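# Examination of the molecular architecture
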Protein chains: 2
Amino acid sequence: MEERKKQVLNAIIKDYIANAEPVGSRAVAKKYDLGVSPATIRNEMSDLTEDGYIEQPHTSAGRIPSAKGYRFYVDNLMERPPLRPEERQQVRQAMSGDLTELDDFMRNCCAMISRLTNYASIAAIPERGHGSVENIQLIPLNERQALVIILASTGIIRHKVIDLPGPISPAQLSAVERAMVKALRGAEMRSVSYELLDELLRKYQMQEAMAAQALDLLEQTLRPESSTRIFTGGATHMLSQPEFQDLEKLKSIFSLLEADNKLKELLEKVDPGKRTLTITIGGEMPVEGVKDCSMVVANYFVNGEKAGSIGVLGPTRMRYGRTVSLMETIAGELSRAMDEK
Amino acid sequence: MEERKKQVLNAIIKDYIANAEPVGSRAVAKKYDLGVSPATIRNEMSDLTEDGYIEQPHTSAGRIPSAKGYRFYVDNLMERPPLRPEERQQVRQAMSGDLTELDDFMRNCCAMISRLTNYASIAAIPERGHGSVENIQLIPLNERQALVIILASTGIIRHKVIDLPGPISPAQLSAVERAMVKALRGAEMRSVSYELLDELLRKYQMQEAMAAQALDLLEQTLRPESSTRIFTGGATHMLSQPEFQDLEKLKSIFSLLEADNKLKELLEKVDPGKRTLTITIGGEMPVEGVKDCSMVVANYFVNGEKAGSIGVLGPTRMRYGRTVSLMETIAGELSRAMDEK
DNA sequence: GTTAGCACTCGCTTGCTTCAAGTGCTAACA
DNA sequence: TGTTAGCACTTGAAGCAAGCGAGTGCTAAC
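Residues numbered from 1 in each chain as written. Chains lettered and ligands numbered in written order. Predicted model: local features only at pLDDT ≥ 70, side-chain atom pairs only at ≥ 80, totals over all residues. Heavy atoms only, no water.

## A short note on the protein's contact with DNA strand D
The cut-off we apply is this: Throughout this document, a residue counts as near a molecule or strand when at least one of its heavy atoms sits within 4 Å of that molecule or strand. Residues adjacent in sequence count toward polar contacts only when both atoms are side-chain atoms; beyond that, a polar contact is any pair of N or O atoms within 3.5 Å, and within protein one must be able to donate a hydrogen and the other to accept it. The helix count covers DSSP runs of H or I at least four residues long, the strand count covers runs of E at least two residues long, and both are numbered beginning at the N terminus. Under this grouping Gly is polar, as are all residues other than the nonpolar Ala, Val, Leu, Ile, Met, Phe, Trp, Tyr, Cys and Pro and the charged Asp, Glu, Lys and Arg.
Near DNA strand D you find 20 residues, and of these A:Arg4, A:Thr40, A:Thr59, A:Ser60 and B:Ser25 are the closest. At 3.4 Å from a sugar or linking oxygen of DNA strand D is found a main-chain nitrogen or oxygen belonging to B:Ala61. Elements with a minimum of two residues in the surface near DNA strand D: α3 (38–50) of chain A together with α3 (38–50) of chain B. With four residues, the top contributor of residues to the surface near DNA strand D is α3(A). A per-class count over the surface near DNA strand D returns four nonpolar, twelve polar and four charged.

What follows is the structure, encoded as structure tokens:
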């Protein structure tokens, strides 16, 4: 694409992101000093429309960016302004929270993101946690129930009340506990599975009955149905976006944000995978009802392994550059906070 | 109030709750068979308007109930239809969830309420829990941190990672644990405080240094800042209420529902106290921004002591009777579920 | 005390006009 | 050949008047 076309596209997108109103040739010529007249801009805009980068809501209106236009902008034109000191400060503060109360920590993190971006935020953490197993404790509650506590190397604690397969004395339970610790200390949290434990326990030649009990315990604790925990924040901000004055659109956005399983699916589908960050724009969104939205999702890592993802959901008219800068910083800080311990 | 006036008021409120549109004299005469003509109804309506039970949006419209009208309705006219079997079934199912995972249980409970009412739901549980202390465990994580686990008689488990006042060996910690259990087993959860523990520990003549440590532990665990936990659900339903098509109203409702501390305050102020249930209507609402809303809040009890509250937030044009029936049932079932253990 | 009748009020809808923004085309210009 | 000025044209939004209809309040008769 010729340089001037890029400049025109850039001007249109910047202006539209700022004002949420169709941009005319006159406005481009006036505000963004390209050294040419509105008529020339009009010609460029006509070309850009033909190529699908911008659209006309109706004949007598200016142009608005299309999904393709945003995509080009994000890939080629966008600047990534560094965070301002006070913003960096807010990120730091959220990160200084107590990691052992992970739920509160993540909720707080979402609140911080929404405060800084004015968009909705979504975070996912794997239920099993990450890092490696540091300790396992089995605490008898009564004859038929016990509390399993797994301490991860990240400092995060998982706990779950489980039903015992049969009456087990505290002494027996403690023997099971010792065997489990021996077998699993140092293992990767995410790799701790029914199968792994089966293998390990056989290796350590636990007696058959006890092994079966331990397996059952662990399976209950790590049951896959609760494989991801979802947090959201700042949905209210959506009400203030001029493109979401339409109640129907709001309904579909809010019902998505209230449905954890749909959010799970969404986050999985837009996951950046090995990369740190991914941007999904409008029609690229993999679920219905939020085709007018964009997402910026970042992964964070513990020991080089993906530990979770966190993102923002906003209108396609999103301040991409700023949001990307923020999410990159946050993901980096999150990785650091969890690695450190 | 004369019988016929009551009938007219009842008819107007019922109709307005059902259709969300001003009710005219003709409609009342036609749909609700009072055996008199529209003209007579008009006279009654004129009186009711004068007395402030109903209002006219403008001259040529019908009447809508005022807050005073709703209040009279709720106190004198309202019927409380029993739950339908399938509704009762849904309540039962939500109550059959795992109480030890109290957060999930309450979230699920809120979801059920919102599904049945189509209003937003709010629940508060005291962080300290209720019932009495059944067991306390201190688990060393490292030299400077330990995990405190408190098992309540309700079957609910509280846990918290605390920073130790100084390096304590596992043996020492276990001595502290034994002393704490001895001192506190059977005590009321809500009464477990710094002061009580101080007294108890002295009685049991723990050595000074260890007592100080134990006190510090417990104080951290029961720190008052986290005194109530709030859950919400079904905010999306508000978007479908015809009276909340106005974005500004929605904003104030949603921002309230996102602010846990404001919800805490709200629930405290509308608390039924000793009674099971309270209804707060429109202008009676104690916080700004939800003066167009009503709330039905119910308490549930463990051993005759208030254990928490749960309620719905909807438009003043709420189906009060139905909602009251539902909330009474739920509060009853909640009390039962927590008492049983 | 109740009712029929009727004039009156007032918001909502419809259709019309006007306005302003912005385009696309053409012809002139450098 | 690329750029620009000029201008006719399109179209949604805003403003306005007329007509409609739901509903009222009053009066007089029952």
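What follows picks up the thread again.
## A look at the protein's contact with DNA strand C
Near DNA strand C there are 20 residues, and of these A:Ser25, B:Arg4, B:Thr40, B:Thr59 and B:Ser60 occur at the shortest range. Within 4 Å of the protein, the atoms of DNA strand C are drawn from sugar and phosphate moieties in a proportion of 76%. With respect to DNA strand C, the side chain of A:Ser25 contributes an N or O atom lying 2.8 Å from a phosphate oxygen. For the surface near DNA strand C, the elements supplying multiple residues, two or more each, are α3 of chain A together with α3 of chain B. The biggest single contributor to the surface near DNA strand C is α3(B), with four residues. Of the residues assigned to the surface near DNA strand C, the class counts are four nonpolar, twelve polar and four charged.

## Considerations on helix α5 (residues 85–95) of chain A
In an α-helix, one turn spans 3.6 residues; hence positions three or four apart end up facing the same way. All names here are of chain A. Put simply, the rule is: Only protein chains enter the accessibility calculation, which uses a 1.4 Å probe; a residue is then buried when its area is under 20% of its type maximum, exposed when over 50%, and partly exposed in between. Working definition: the arc comes from the directions between the helix axis and the C-beta atoms, pointing outward to the latter.
Of the residues making up α5, those classed as buried are Glu87, Val91, Ala94 and Met95. For α5, the arc enclosing every buried residue in end-on projection is 105°, short of the 170-degree limit, so these residues lie on one face. Exposed and oriented more than 90 degrees from the buried face of α5 are Pro85 and Gln93.

## Focus on the interface of chain A and chain B
A common measure of how large an interface is: the accessible area buried when the components associate. Quick reminder of the rule: A contact between two residues is defined here by any heavy atoms of the two lying within 4.5 Å. By buried area we mean how much accessible surface two parts lose on assembly, using a 1.4 Å probe and totalling the loss over both. Any carboxyl oxygen of Asp or Glu that lies within 4 Å of a side-chain nitrogen of Lys or Arg is treated as forming a salt bridge with it.
Counting from both sides, the interface comprises 28 residues of chain A and, opposite them, 28 residues of chain B. A buried area of about 2,600 Å², summed over both sides, lies between chain A and chain B, and 59% of it is on carbon and sulfur atoms. Considering only the surface of chain A that becomes buried against chain B, A:Thr236, A:Leu239 and A:Leu247 emerge as the three largest contributors, covering 19% of it. With a shortest N-O distance of 3.3 Å, A:Asp104 and B:Arg229 are connected by a salt bridge. Across the contact surface, chain A and chain B share eight residue pairs in polar contact (both at pLDDT 80 or more).

## Quick look at unusual backbone geometry
Residues and elements named next belong to chain A. For Ala20, which is not glycine, the phi torsion reads 60° and is therefore positive. On the secondary structure map, Ala20 appears in the loop between α1 (3–19) and α2 (25–31). Judged by relative accessible area, which is 23%, Ala20 ranks as partly exposed.

## Concerning the pattern of salt bridges
Close approach of charged atoms allows side chains with opposite charge to pair. Under the defined criterion, the tally for this structure stands at 46 salt bridges over all chains. Between B:Lys269 and B:Glu265 there is a salt bridge, and its shortest N-O distance comes to 3.0 Å. Note that B:Lys269 and B:Glu265 are positioned in helix α11 (residues 260–269) at a spacing of four residues, about one turn of the helix. Of the residues examined, B:Glu265 reaches a relative accessible area of 36% and is grouped as partly exposed. Taken together, the salt bridges that share partners define one network made up of A:Glu2, A:Arg4, A:Lys5, A:Glu44 and A:Asp47.

## Considering the relation of the copies chain A and chain B
Heads up, the rule is: In this comparison the copies share one frame, found by least squares on the C-alpha atoms of residues holding pLDDT of at least 70 in both.
Superposition record for chain A on chain B: RMSD 0.2 Å, screw rotation 180°, translation along axis 0.0 Å. The symmetry that links the two subunits is that of a two-fold axis.

## Side note on the sheet that holds strand β5 (residues 145–152) of chain B
Strand pairs in the sheet, formed through backbone hydrogen bonds, run parallel or antiparallel to each other. All names here are of chain B. Spelled out, the test is: Two strands qualify as a pair provided that DSSP identifies no fewer than 2 bridges between them. The angle between two axes is taken between their N-to-C directions and runs from 0 to 180 degrees, where each axis is a line fitted to C-alpha atoms and a helix contributes only its stretch in contact.
Here we have three strands laid out as an open sheet, ordered β4-β5-β6, and antiparallel in their pairing. With one partner strand each, in any of the chains shown, β4 (133–142) and β6 (157–163) form the two edges of the open sheet. Neighbour-to-neighbour, the strand axes of the sheet open up by a mean angle of 20°, direction not taken into account. Note that β5 and β6 share seven bridges and pair antiparallel. Counterpart to Leu147 in the pairing with β6 is Val161. This element, helix α7 (residues 170–184), spans β4 and β5 of the sheet and lies at about 165° to β4.

## Remarks on the domain arrangement of chain A
Residues and elements named next belong to chain A. Which entries qualify depends on this criterion: All domain edges in this entry derive from an automatic or database-based domain assignment.
Under the domain assignment used here, chain A contains domain 1 (3–77), domain 2 (85–127 + 228–340) and domain 3 (133–222). Averaged C-alpha coordinates put domain 1 and domain 2 at centres separated by 29 Å. At the interface, eight residues of domain 1 touch ten residues of domain 2. Around 820 Å² of area is buried between domain 1 and domain 2 when both sides are counted, 69% of it from carbon and sulfur atoms. Three residues, Ile17, Tyr70 and Arg71, lead the burial of domain 1 against domain 2; their summed loss comes to 56% of the area buried on that side. For the pair domain 1 and domain 2, the interface holds one salt bridge. Linking Arg71 and Glu284 is a salt bridge whose minimum nitrogen-to-oxygen distance equals 2.7 Å. The interface formed by domain 1 and domain 2 holds three residue pairs in polar contact (both at pLDDT 80 or more) in total. Of all elements in the fold, only α1 and α4 (67–77) reach the threshold of two or more residues within the side of domain 1 that touches domain 2. Per-element accounting of the side of domain 1 that touches domain 2 gives the leading share, five residues, to α4. Its residues assigned to classes, the side of domain 1 that touches domain 2 comprises seven nonpolar, no polar and one charged.

## A word on the sheet that holds strand β5 (residues 145–152) of chain A
Residue and element names in this part refer to chain A. Pairing within the open sheet is antiparallel, and its three strands lie in the order β4-β5-β6. At either margin of the open sheet sits one strand with a lone partner, and together these are β4 (133–142) and β6 (157–163). Neighbour-to-neighbour, the strand axes of the sheet open up by a mean angle of 20°, direction not taken into account. Set on the sheet, helix α7 (residues 170–184) makes contact with β4 and β5; between it and β4 the angle comes to about 165°.

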